[in-house]
Amino acid sequence: MTEQSDAPTTPETPEAPHDPQATQGLENLLTEDRRFPPSSEFAAQANAGADLYAWANADRPGFWADQARDLLTWSTPFTQTLDWSDAPFARWFADGRLNAAYNAVDRHVEAGRGDRVALHFEGEGGDTRTLTYADLQREVSKAANAMAALGVGTGDRVAIYLPLIPEAVVTMLACARLGAPHSVVFGGFSAEALSSRILDAEATLVVTADGGFRRGNPSALKPAVDEALAKGAPSVRHVLVVRRTGQPVEWTPGRDVWWHEAVDVASPQHEPVEVDAEHPLFILYTSGTTGKPKGIFHTTGGYLTQAAYTHLNVFDLKPETDVYWCTADVGWITGHTYVVYGPLVNGATQVIYEGTPDTPHRGRWWEIVQKYGVTILYTAPTAIRTCMKWGEDIPAGFDLSSLRVLGSVGEPINPEAWMWYRRVIGADRTPIVDTWWQTETGAIMISPLPGVTATKPGSAQVALPGIAADVVDDDAKPVPNGAGGYLVVTEPWPSMLRGIWGDPERYRDTYWSRFRDLYFAGDGAKKDADGDIWLLGRVDDVMNVSGHRLSTTEIESALVAHPWVAEAAVVGATDETTGQAVVAFVILRGDAAEAASSDAATVQETLRTHVAKEIGPIAKPRQILVVPELPKTRSGKIMRRLLRDVAEHRQVGDATTLADSSVMDLISAGLARPA
Ligand code: 6R9
């Protein structure tokens, strides 16, 4: 299946559900009345206080200009802040010049902080490497020299297809040093996905590895590069290959070059290339929820400003003392902004871990937190729910007392998981920041501030100082408190996407045509009585059952609140009578699964009744299917369109962006068995 083939079922701009103010089925999220204000000790030491909102509100562009000057080092200072005259194409700090790698690495060394650890790398097999900022400067400079020797110049695109090893960070920064935009392709993606991304960006160099370690075994990467290039990639001149696993690789002489032969011998001196603030820093393709992948591109000055600002204030980073860990892979935007650019520009010390949370045992993450004394942890709800499924005695076996801020990203976090995260991982003490943002927004947009906001389990709450977001109805009018609609951003922001690579029209159509002058995020949202924002999932995940608007998130949240259910995914399947019908896929908790497996009918009926009780009879799933796994992208998002294919008895569409592509076979096989 090609990525194009499933386009008709997944429209680019999803058809908006009518009546966005219908509140049917959304009430139970909004009856959440638990509040967790920051402790006075935390508030007293926090980087951001309530005054930050006032400062930003007084003069939004001026506020961002101050942030850009305070947080970055400019080789040529800017005099212009925002140019919005060619909206929706923004230019921020356009006459300023800088280099991203210099800001992330060199300036810390020049300021005498070269000995500070930048990366604590933990390999899946237990091998470790520690890189200080001085080490990073050497490695990045060598890589930049080696890449330049392979013909990479300023403006050329470089595709990166690596496991989460230090070379991935080094390569991204080496690209930034040369002013060569990188396009990171997640290592779990197929040769086909890689090929389409290389072609679209016309990359001249591909950086890869023989393989990486996953679940205790070497998992090859180089063959996918060979396969992708065999499909034809006229722009690619060289493939630079890191030796990670030692597994045998096919070799194309003249094209393929070993990292250790090219980089290790290169000079550690390299002058960073000064670029314009609006010079493209990277392209990142969004996961395949649409036809042709969208190459979202970001530029340098505005992106780095908001990356650094959000990282400093949302996580309350203290670069001298914190040990920060974001569990994301660099193959998605969270890894770009909150593993590479945000933390390094801020001079943080961080952990990166190559493997899966359950290798070699289910306490691996907590062992890492204990070992490095991690103070700030940033992860995804899907991971939290997985840990819930494994049981709280596992984290209880480790010392997690170093933790002081917990973050969540990637999808709405159900109150159940939020409470578990706070109680079990955060000892009922740490603030939780639920951060809403997108590949397109480049950095966090909506989130509590940990020293200011009284948090509410399940809500991302408020736009950050400097950001203007709202929830509007079909006519682009802000909805009153208590009502739902579409999330929009109403003012340009520094780290906004500058477009879709090579396709300005698609950029306009996708984000700026639904509501003129407002950025359409594609998410449904609701304001509660206090005006706080609750994300309700993608608009295309909103179902319409007999004219009632139901959120997938809402029903999933109800299912997961039942003691038998570990994880749930809900889709709207076409239904003759009701338009759409609710179909739920659930993973049962270990103990419940055993007891219930003998009686599928009881499971179905119990859970259907439970949803009806929690939300209302209209939300009662037509069908509940017990499955062993759910199809997820590497960023943890459930690929509901694949489940919709199953629910509607279609052949399953393109699954190339799944973290584990065998999951759909497992589900189909499980469903084929008689209950
Ligand atoms: C950073 C990232 C973006 C989509 C976004 C929304 C969902 C992300 C969320 C959230 C509710 C949160 N999303 N964070 N929904 N609460 N805290 O995930 O980027 O991969 O581009 O996905 O993810 O639906 O529109 P990306």
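This is a predicted model, so every value here is computed, not measured.

**Some points on the overall build of the protein**
Along its length, the protein carries 22 helices and 30 strands. Over its C-alpha atoms, taken along the principal directions, the protein stretches across nearly 70 × 60 × 50 Å. Looking at the protein as a whole, 63% of its 675 residues qualify as buried. Put simply, of all contacts in the protein between residues at least 6 apart along the chain, 73% involve residues at least 24 apart.

**Some points on empty space enclosed by the protein**
One pass over the full model with this rule turns up three cavities of 30 Å³ or more. Of the voids in this model, the largest cavity is the one considered here, and its volume is about 50 Å³. If you trace the largest cavity, you find 13 residues lining it, with Ala176, Gly179, His279, Leu281 and Thr300 closest to the centre. Counting residues per element, the ones that place at least two in the lining of the largest cavity are helix 7 (166-178) and strand 14 (280-285). For the lining of the largest cavity, the residue count by class is nine nonpolar, four polar and no charged. Looking at the second largest cavity, its volume works out to about 40 Å³. Within the residue set of the lining of the second largest cavity, elements represented by two or more residues are helix 13 (364-372), helix 14 (381-390) and helix 16 (415-425). Of the residues in the lining of the second largest cavity, the class split is eight nonpolar, one polar and no charged.

**Observations concerning the site of the ligand**
Of all residues adjacent to the ligand, which total 17 residues, the nearest are Asp434, Thr435, Thr439, Asp523 and Arg538. Contact between the ligand and aspartate 434: a nitrogen atom at 2.7 Å from a side-chain N or O atom of the residue. At 2.5 Å from an oxygen atom of the ligand is found a side-chain nitrogen or oxygen belonging to threonine 439. Alone, the ligand offers 530 Å² of accessible surface; in the complex the protein occludes 93% of this. Contributing elements (two or more residues each) for the shell around the ligand: helix 12 (333-345) and strand 25 (533-538). Within the shell around the ligand, the residues separate by chemical class into seven nonpolar, five polar and five charged.

**Section: the side chain of lysine 222**
The residue lysine 222 is located in helix 9 (residues 222-230) in this model. Here lysine 222 falls in the buried class, since its relative accessible area comes to 1%. Ignoring sequence-local partners within four residues, the contact set of lysine 222 consists of Thr208, Ala209, Asp210, Val239, Val241, Val249, Glu250, Trp251, Arg255 and Asp256.

**Quick notes on helix 14**
Where burial is concerned, most of helix 14 is hidden: nine out of the ten residues are buried. All of the buried residues in helix 14 are Pro381, Thr382, Ala383, Ile384, Arg385, Thr386, Cys387, Met388 and Trp390. Note on helix 14: the residue one or two positions beyond its end, glycine 391, has a positive phi of about 105°.

**So, the pairing of strand 4 (residues 117-122)**
Taken across its six residues, strand 4 has six buried, putting it largely inside the fold. Sheet topology places strand 4 next to strand 5 (residues 128-132); five bridges connect them, and they run antiparallel. Across the sheet, glutamate 122 pairs through a bridge with threonine 128, a residue of strand 5.

**Details of the pattern of salt bridges**
Scanning all chains against the criterion turns up 40 salt bridges. With a shortest N-O distance of 3.2 Å, arginine 129 and glutamate 167 are connected by a salt bridge. Of this pair, arginine 129 sits in strand 5 while glutamate 167 sits in helix 7; the two residues are 38 residues apart in sequence, bridging distant segments of the chain. One salt bridge connects arginine 423 with glutamate 392, and the closest N-O pair in it is separated by 3.0 Å. Here the residue arginine 423 occupies a position in helix 16, and glutamate 392 occupies one in the loop between helix 14 and helix 15 (393-396), the gap between them amounting to 31 residues. Accessibility expressed as a relative area gives 41% for arginine 423, which makes it partly exposed. Given a relative accessible area of 37%, glutamate 392 falls into the partly exposed group. By sharing partners, the salt bridges in this structure join Arg35, Lys456, Asp528, Asp530 and Asp532 into a single network.

**What to know about the sheet that holds strand 25**
Across the sheet, four strands lie side by side as 21-22-24-25; this open sheet has antiparallel pairing. Only two strands of the sheet have a single partner each, and these edge strands are strand 21 (469-472) and strand 25. Looking at each pair of strands side by side, their axes are set apart by 45° on average, direction ignored. With four bridges joining them, strand 21 and strand 22 (residues 484-489) adopt antiparallel strand pairing. Across the sheet, valine 472 pairs through a bridge with tyrosine 486, a residue of strand 22.

**Topic: the UniProt feature "binding site: ATP" (unreviewed entry) in the protein**
As annotated in UniProt, the feature "binding site: ATP" (unreviewed entry) corresponds to Gly410, Glu411, Pro412, Asp434, Thr435, Trp436, Trp437, Gln438, Thr439, Asp523, Arg538 and Arg549 in the numbering used here. Tracing the backbone through its elements, the reader meets glycine 410 in the loop between strand 19 (405-408) and helix 16. Relative accessible area serves as the criterion here: at 24%, glycine 410 is assigned to the partly exposed category. Aside from chain neighbours lying at most four places away, what touches glycine 410 is Trp332 and Lys637. Examined against the element boundaries, aspartate 434 turns out to sit in strand 20 (residues 432-434). Apart from the residues lying within four places of it in its own chain, the contact partners of aspartate 434 are Ser408, Ile413, Ile446, Ser447, Pro448, Gly458, Ser459 and Ala460.

**Considering the packing of helix 7 against helix 12**
The contact between helix 7 and helix 12 brings their axes to 11 Å, and the two run at 60°. On the basis of the axis angle, helix 7 is oblique to helix 12. Relative to helix 12, helix 7 is oriented so that their crossing is right-handed. Of the residues in helix 12, those in contact with Val169, Met172, Leu173 and Ala176 of helix 7 are His336, Val340, Tyr341 and Leu344.

Cut-offs and rules
Residues numbered from 1 in each chain as written. Predicted model: local features only at pLDDT ≥ 70, side-chain atom pairs only at ≥ 80, totals over all residues. Heavy atoms only, no water. Helix = DSSP H or I, 4+ residues; strand = E, 2+ residues; numbered from the N terminus. Buried < 20%, exposed > 50% of the residue type's maximum accessible area, 1.4 Å probe, protein only. Contact = heavy atoms within 4.5 Å. 1 Å grid on protein atoms, 1.4 Å probe; cavity = no way out; pocket = protein on both sides within 12 Å on 5 of 7 lines; lining within 4 Å. Points joined across faces, edges and corners; volume = space filled by probe spheres on them. Nonpolar A, V, L, I, M, F, W, Y, C, P; charged D, E, K, R; others polar. Near = heavy atom within 4 Å. Polar contact = N/O pair within 3.5 Å; in protein donor to acceptor, adjacent residues only side chain to side chain. Areas by Shrake-Rupley, 256 points an atom, 1.4 Å probe, with all protein chains shown as cover. Pairing = 2+ DSSP bridges. Salt bridge = Lys/Arg side-chain N within 4 Å of Asp/Glu carboxyl O. Axes fitted to C-alpha atoms, helices over the stretch in contact; angles between N-to-C directions. UniProt positions renumbered as here; feature names shortened; annotations may be inferred. Parallel < 35°, antiparallel > 145°, perpendicular 65-115°, else oblique. Left-handed = near helix turned anticlockwise from the far one by under 90°.

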